[in-house]
Amino acid sequence: MSHFLKDKTAIAGIGLTEFSKKSGVSELSLAAQATLAACEDAGLSPSEIDGFVSYTLDSTDEIELARTVGANDLKLFTKVNYGGGAAVGTILHAVMAVATGVADNVICYRAMNGRSGQRMGQGISGQIVSSDLIHWSWYMPYGMLTPGSWIAMIANKYMHHYGVTSEDLGRVAISQRNYAQNNPRAFGYGKPLTMEEYMASKMVAEPLRLYDFCQETDGGCAILITSAERARDLKQKPAVIRGVVQASTQGQEQMTSFYREELDSLPEMEMAARLVYEQSGLGPDDINAACLYDAFTSEIIMQLESFGFCGRGEGKDMVREGALDIDGRLPNNTHGGLLSEAYIHGMNNIAEGARLVRGSSTNQPKNVEHVLVSSGVGVPTGALILGQD
Amino acid sequence: MAKSFRMKPPMGEDNGWWWQEAAEGRLAIQRCTQCQTLRHPPRPACGKCHSLEWDHLSASGRGTLCSFTIMHHPQFPGFDYPLIIILVDLEEGTRFTSQLINCAPEDVEFGMAVEMVMHEDPDGFRLPMFQPATGAAS
Ligand SMILES: [Zn+2]
């Protein structure tokens, strides 16, 4: 028997703002622009939108956005926690609502002045003694305040265990930067990257160099979820949602799951893989392209293993064989990803997933039946499989 | 070194006691009094047996280096860079995040033996750091 959520809903519209280092407009404006663009893309009036889902980190509340774009009465409004781990989670909440008839047309959005406003790497602070703050306080006094430092701790162990080299990380950065050369929206457009430049770039938190880090971006992205049936009557070819899940494992922390026995795998991503394959009835062999979450290059190599595209420790071999490139086994982040297009917290990777199903990527691989998209790494996360109608 | 540059941990009911132990020179490890499981970071209940009752023991300070990162950027005021942050597998069995001192960045190695040194800031704030083992830790 197939899963209740399988094939019930689809991405009918995607909307993006311009990406920049200084938008000059409010985050609410970015969210509104992205939402209106997603509705325009789908050919559906904003007055039909009856649900909004975003990230707890997003400053724009659902009702502010609803009034701004002239949405309908809202039957669903919610925000998902854990930074980039929320990306695919927003889709799950929208899918559950639409599949059960709670809402009809839901916008998932993320809009941020991520460079000119509050930057992600600025560190953590605060005075309220919440359990979350106590969590961060085991790292604050030591000066371990940035996402790069938390990810580096896991990456170093993983690379040491499996013999992953700096060049392997460089290969990921370069593969995605190459894709950006065909994507005028991308930060990396017109800025190709060589291995020499990668290796010469400044060390930030060993083993991670500058080019192992994602962008900081001002911009917004919105994804319109509706029923698969309704999507067929709209403007775009539907990207049908075969499976979508959230996953958080025992011992899970936010960014610093340092206390599990093994540090050289991603248990929450393995769980997401198991659940999303189960829900969709698909496996790694059915996936033709991916948009794996890429705040840091090391995360791509680890996820190849989590999602079963290869065995433990073999992610580097896939990368060396060119698996991530356009003619490789698994073209990945064909828009440039968070590393080379923009950092809209993973929402722009979901948009590219829909484009790959539509056949409209600026780097469209041949014969894409199914695309895998994942949420943040090292945090409670999720996975999404999109497919042809 | 500038004084009181360090972000002080907020002291809540679930962690304040641990910093009090550090202030008195000890690296504490929380222990479930029902099933004796050790846990770090501290939490109000035991994930194994669900007991709310706990006490703590003082770690020997000996351990091995599980992983590390050497931080170069961004540089926060007051810290010395490159800053070596480590995960230590304590011999009691729990893992602890700390700073490695008295060690050149090129000498850091996975699996190296380390020992705790209780560091004290100019303002009197104390926190456990580690250095390569000398065999002198008790
Ligand atoms: Zn217990």
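Everything numeric in this text was worked out from a predicted model, so none of it was measured.

Quick notes on the overall build of chain B
Part 1 of the reasoning: The helix and strand tally for chain B stands at 1 helix and 8 strands.
Part 2 of the reasoning: The secondary structure elements of chain B, listed N-terminal to C-terminal, are α-β-β-β-β-β-β-β-β.
Part 3 of the reasoning: Relative to a compact globule of 138 residues, whose C-alpha radius of gyration would be 14 Å, chain B shows 16 Å and is just as compact.
Part 4 of the reasoning: When its C-alpha atoms are laid out on the principal axes, chain B stretches across 45 × 30 × 30 Å.

Here we look at the interface of chain A and chain B
Part 1 of the reasoning: The interface is formed by 33 residues belonging to chain A together with 38 residues belonging to chain B.
Part 2 of the reasoning: One can count 0 salt bridges joining chain A with chain B.
Part 3 of the reasoning: Where chain A touches chain B, the interface holds 14 residue pairs in polar contact (both at pLDDT 80 or more).
Part 4 of the reasoning: Secondary structure elements with two or more residues in the side of chain A that touches chain B: α4 (131-137), α5 (147-162) and β5 (203-205) of chain A.
Part 5 of the reasoning: Ranked by residues supplied to the side of chain A that touches chain B, first place goes to α5 of chain A with 6 residues.
Part 6 of the reasoning: In terms of residue class, the side of chain A that touches chain B is made up of 19 nonpolar, 8 polar and 6 charged.

Quick word on the coordination of the zinc ion
All names here are of chain B.
Part 1 of the reasoning: For the zinc ion, the full set of protein donor atoms is Cys 32 (SG), Cys 35 (SG), Cys 46 (SG) and Cys 49 (SG), and the range of their distances to it is 2.3 Å.
Part 2 of the reasoning: Within one chain, the residues donating to the zinc ion are spaced in sequence as C-x2-C-x10-C-x2-C. In this pair, Cys 32 sits in strand β1 (residues 28-32) while Cys 49 sits in the loop between β2 (38-39) and β3 (54-58), placing the two residues 17 residues apart along the sequence.
Part 3 of the reasoning: On the basis of relative accessible area, Cys 49 is assigned to the partly exposed category, the value being 23%.

Remarks on the nonpolar core
Part 1 of the reasoning: With 106 residues, the main nonpolar core has Leu 304, Phe 307, Phe 309 and Leu 372 of chain A together with Trp 18, Leu 100 and Phe 130 of chain B as its most contacted residues.
Part 2 of the reasoning: The residue makeup of this core includes at least three contributed by each of domain 1 (14-58) and domain 2 (60-138) of chain B.
Part 3 of the reasoning: In this structure Phe 307 of chain A touches Met 269, Ala 273, Tyr 277, Pro 284, Leu 292, Leu 372, Ser 374 and Ala 383 of chain A, once residues within four positions along its chain are discounted.
Part 4 of the reasoning: Among the nonpolar cores identified, the runner-up in size contains 42 residues, and Ala 87, Ile 223, Val 357 and Val 368 of chain A belong to it.

Brief notes about the domain arrangement of chain B
All names here are of chain B.
Part 1 of the reasoning: What the domain assignment reports for chain B is domain 1 (14-58) and domain 2 (60-138).
Part 2 of the reasoning: For domain 1 versus domain 2, the separation of C-alpha centres amounts to 21 Å.
Part 3 of the reasoning: Across the boundary between the two partners, domain 1 contributes 14 residues, which contact 13 residues of domain 2.
Part 4 of the reasoning: In total, about 1000 Å² of surface goes out of reach between domain 1 and domain 2, with carbon and sulfur atoms giving 76% of it.
Part 5 of the reasoning: Scanning the region where domain 1 abuts domain 2 turns up 0 salt bridges.
Part 6 of the reasoning: Our count for the contact surface shared by domain 1 and domain 2 stands at 1 residue pair in polar contact (both at pLDDT 80 or more).
Part 7 of the reasoning: At the level of secondary structure, the elements contributing two or more residues to the side of domain 1 that touches domain 2 comprise α1 (16-23), β2 and β3.
Part 8 of the reasoning: Sort the elements by how many residues they give to the side of domain 1 that touches domain 2 and α1 lands first, with 4 residues.
Part 9 of the reasoning: Looking at the side of domain 1 that touches domain 2, its residues break down into 8 nonpolar, 3 polar and 3 charged.

Details of the UniProt feature "domain: ChsH2 C-terminal OB-fold" (unreviewed entry) in chain B
Part 1 of the reasoning: Following the UniProt record, the feature "domain: ChsH2 C-terminal OB-fold" (unreviewed entry) maps to residues 59-118 of chain B here.
Part 2 of the reasoning: The span residues 59-118 of chain B is 0% helical and 48% strand by assignment, and the distance between its end C-alpha atoms comes to 12 Å.

A short note on the packing of aromatic side chains
Part 1 of the reasoning: In this structure the tally under the stated criterion is 16 aromatic pairs over all chains.
Part 2 of the reasoning: Summarising the aromatic geometry, the rings of Trp 138 of chain A and Trp 19 of chain B are spaced 5.9 Å apart at their centres and angled 20° between planes, so their arrangement reads as stacked. Linking Trp 138 of chain A in the loop between α4 and α5 with Trp 19 of chain B in helix α1, this pair reaches from one chain into another. The same class applies to Trp 138 of chain A as to Trp 19 of chain B, namely buried.
Part 3 of the reasoning: In this structure, Lys 8 of chain A packs its charged tip against the face of Phe 4 of chain A, placed 4.5 Å from the ring centre.
Part 4 of the reasoning: Positioned over the ring face of Phe 187 of chain A is Lys 21 of chain A, at 4.4 Å from the centre of the ring.

Details of the side chain of Asn 113 of chain A
All names here are of chain A.
Part 1 of the reasoning: Secondary-structure assignment places Asn 113 in strand β4 (residues 106-113).
Part 2 of the reasoning: In terms of polar contacts, Asn 113 uses its side chain to reach the side chain of Ser 23, at 2.6 Å.
Part 3 of the reasoning: Residues within four places of Asn 113 in sequence aside, it is in contact with Ser 23, Val 25, Ser 26, Glu 27, Leu 30, Gln 118, Thr 217 and Asp 218.

Cut-off values and rules
Residues numbered from 1 in each chain as written. Chains lettered and ligands numbered in written order. Predicted model: local features only at pLDDT ≥ 70, side-chain atom pairs only at ≥ 80, totals over all residues. Heavy atoms only, no water. Helix = DSSP H or I, 4+ residues; strand = E, 2+ residues; numbered from the N terminus. Rg over C-alpha atoms; globule rule 2.2 N^0.38 Å. Contact = heavy atoms within 4.5 Å. Salt bridge = Lys/Arg side-chain N within 4 Å of Asp/Glu carboxyl O. Polar contact = N/O pair within 3.5 Å; in protein donor to acceptor, adjacent residues only side chain to side chain. Nonpolar A, V, L, I, M, F, W, Y, C, P; charged D, E, K, R; others polar. Donors = N, O, S within 2.8 Å, 3.2 Å for Na, K, Ca; no water. Buried < 20%, exposed > 50% of the residue type's maximum accessible area, 1.4 Å probe, protein only. Core = buried A, V, L, I, M, F, W, Y, C linked by side-chain atoms within 4.5 Å. Domains from an automatic or database assignment. Buried area = accessible area lost by both parts, 1.4 Å probe. UniProt positions renumbered as here; feature names shortened; annotations may be inferred. Phe/Tyr/Trp six-rings, centres within 6.5 Å; stacked < 30°, edge-to-face > 60°. Lys NZ or Arg CZ within 6 Å of the ring centre and 35° of its normal.

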